[in-house]
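# An overview of the molecular structure
One letter stands for each residue in the lines below.
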Amino acid sequence: MLEPSLWLASAQRLCVLTGAGVSAESGIPTFRGPGGLWRQYKPEELATPQAFRRDPNLVWEWYDWRRQLIAKAEPNPAHRALVELEKRAPKFTLITQNVDGLHRRAGSRNIIHVHGDIWLVRCTVCGRQDQNEIVPLPEIPPHCSGCGGLLRPGVVWFGESLPAQEWEAATRAARQCDLFLVIGTSAAVMPAGGLAMDARSAGARVIEINAEETGLSRYVDVSLRGPAGELLPALLKEGIPNSDRLL
Ligand code: NAD
Ligand code: ZN
């Protein structure tokens with residue numbers, strides 16, 4: 001059995017951080033990398049409070065488009081492998097930067113959404129938050145059914161702080177785990193990108209799974225290069241399909 005599989009099989013407190021790469025094989029574009037652009041805009045320039053103040057219509061059009069894409073998508077083998085891992089590990093925490101809800105749809109239970117949820121809408125006037133899964137939205141921009149105020153997507157934008165409770169739970173899980181998996185994230189978006197290093201400083205082993213090398217790759221115990229939908233199920237089955245990927 002290869003070492004990372006052994007670590008996985010023997011982990012007592014397992015913590016996983018996922019990013020957009022985990023959903024790439026479900027057909028949902030990542031922010032960084034090919035196929036991630038929308039019209040002529042950069043997501044980093046649309047997913048900000050400033051962009052929303054400037055042009056709520058444009059920002060909502062983009063979110064409406066993403067919601068339609070996500071609604072058609074299905075969880076992939078990487079999502080399903082994480083459901084299986086949760087059943088095996090004595091303690092399991094899944095921290096996700098994804099807002100697509102695919103971990104939930106796959107059946108994961110102990111999920112911390114540090115960047116919010118694209119299926120939530122929040123009123124910018126009265127603060128009311130609702131689940132909204134209507135695609136496409138009948139009205140853009142949508143308005144609050146309570147007070148008529150402008151609604152915003154229930155996600156965390158660049159420049160905004162993370163939800164305090166979720167963030168506290170995420171840092172606690174990272175610091176207390178004995179094995180940390182960081183999957184499909186460029187780890188470029190802070191502070192979530194720093195969780196793997198927090199876990200490592202607190203003594204955990206860290207395994208990275210990513211299609212490409214990232215800023216984290218050189219600091220982790222093992223970096224596995226390839227699609228999460230292939231590597232994660234292989235890790236669970238106690239073998240890496242191609243040992244060249246073991247860096
Ligand atoms: P990112 O776009 O910065 O990075 C994606 C990473 O995934 C890259 O490192 C890339 O090499 C890797 N990757 C791509 N395909 C992969 C695959 N099949 N298997 C393994 N790795 C693969 O994404 P991020 O680090 O999550 O940060 C971007 C921010 O964008 C987050 O805050 C997140 O909320 C948001 N986002 C979410 C979604 C979603 O919910 N599905 C999609 C796009 C962006
Ligand atoms: Zn309202």
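Just so it is clear, the structure is predicted and the values come from calculations on it, not from any experiment.

### Observations concerning the site of ligand 1
Of all residues adjacent to ligand 1, which total 28 residues, the nearest are Arg32, Gln97, His115, Thr185 and Asn210. Contact between ligand 1 and Val99: an oxygen atom at 2.8 Å from a main-chain N or O atom of the residue. Residue Asn210 places a side-chain N or O atom 2.6 Å away from an oxygen atom belonging to ligand 1. Protein contacts shield 92% of the accessible area of ligand 1, which totals 850 Å² for the unbound molecule.

### Description of the domain arrangement of the protein
Along its sequence, the protein is organised into domain 1 (3-27 + 74-115 + 162-245) and domain 2 (34-72 + 120-155). Taking the mean C-alpha position of each, domain 1 and domain 2 sit 27 Å from one another. Facing the six residues of domain 1 at the interface are six residues of domain 2. Taken together, domain 1 and domain 2 are joined by zero salt bridges. At the boundary of domain 1 and domain 2, one finds zero residue pairs in polar contact (both at pLDDT 80 or more).

### Remarks on the coordination of the zinc ion (ligand 2)
Any two of four tetrahedral donors ideally make an angle of 109.5 degrees at the metal, while pairs among six octahedral donors ideally make 90 or 180 degrees. Each protein donor to the zinc ion (ligand 2) is listed here as Cys123 (SG), Cys126 (SG), Cys144 (SG) and Cys147 (SG); together their distances run 2.3 to 2.4 Å. Angles of 99 to 115° at the metal separate the four donor atoms of the zinc ion (ligand 2), which places the site in the tetrahedral class. Taken in chain order, the donor set of the zinc ion (ligand 2) reads C-x2-C-x17-C-x2-C. Taken together, the residues span a long stretch of sequence, with Cys123 in strand 4 (residues 116-123) and Cys147 in the loop between strand 5 (129-131) and strand 6 (151-155) at a distance of 24 residues. According to the relative accessible area criterion, Cys147 is partly exposed, its value standing at 41%.

### Quick look at the packing of helix 6 (residues 77-88) against helix 10 (residues 228-236)
Helix packing geometry: the angle between the two helix axes and the distance between the axes. Packing of helix 6 against helix 10 leaves a shortest axis separation of 8 Å and a crossing angle of 25°. Comparing the axis directions of helix 6 and helix 10 gives the class roughly parallel. The hand of the helix 6/helix 10 crossing is left-handed. On helix 10, the residues touching Pro77, Ala78, Ala81, Leu82, Glu84, Leu85 and Arg88 of helix 6 are Ala228, Gly229, Leu232, Pro233 and Leu236.

About the thresholds
Residues numbered from 1 in each chain as written. Chains lettered and ligands numbered in written order. Predicted model: local features only at pLDDT ≥ 70, side-chain atom pairs only at ≥ 80, totals over all residues. Heavy atoms only, no water. Near = heavy atom within 4 Å. Polar contact = N/O pair within 3.5 Å; in protein donor to acceptor, adjacent residues only side chain to side chain. Areas by Shrake-Rupley, 256 points an atom, 1.4 Å probe, with all protein chains shown as cover. Domains from an automatic or database assignment. Contact = heavy atoms within 4.5 Å. Salt bridge = Lys/Arg side-chain N within 4 Å of Asp/Glu carboxyl O. Donors = N, O, S within 2.8 Å, 3.2 Å for Na, K, Ca; no water. Tetrahedral: all angles 85-135°; square planar, octahedral: opposite > 155°, others 65-115°. Helix = DSSP H or I, 4+ residues; strand = E, 2+ residues; numbered from the N terminus. Buried < 20%, exposed > 50% of the residue type's maximum accessible area, 1.4 Å probe, protein only. Axes fitted to C-alpha atoms, helices over the stretch in contact; angles between N-to-C directions. Parallel < 35°, antiparallel > 145°, perpendicular 65-115°, else oblique. Left-handed = near helix turned anticlockwise from the far one by under 90°.

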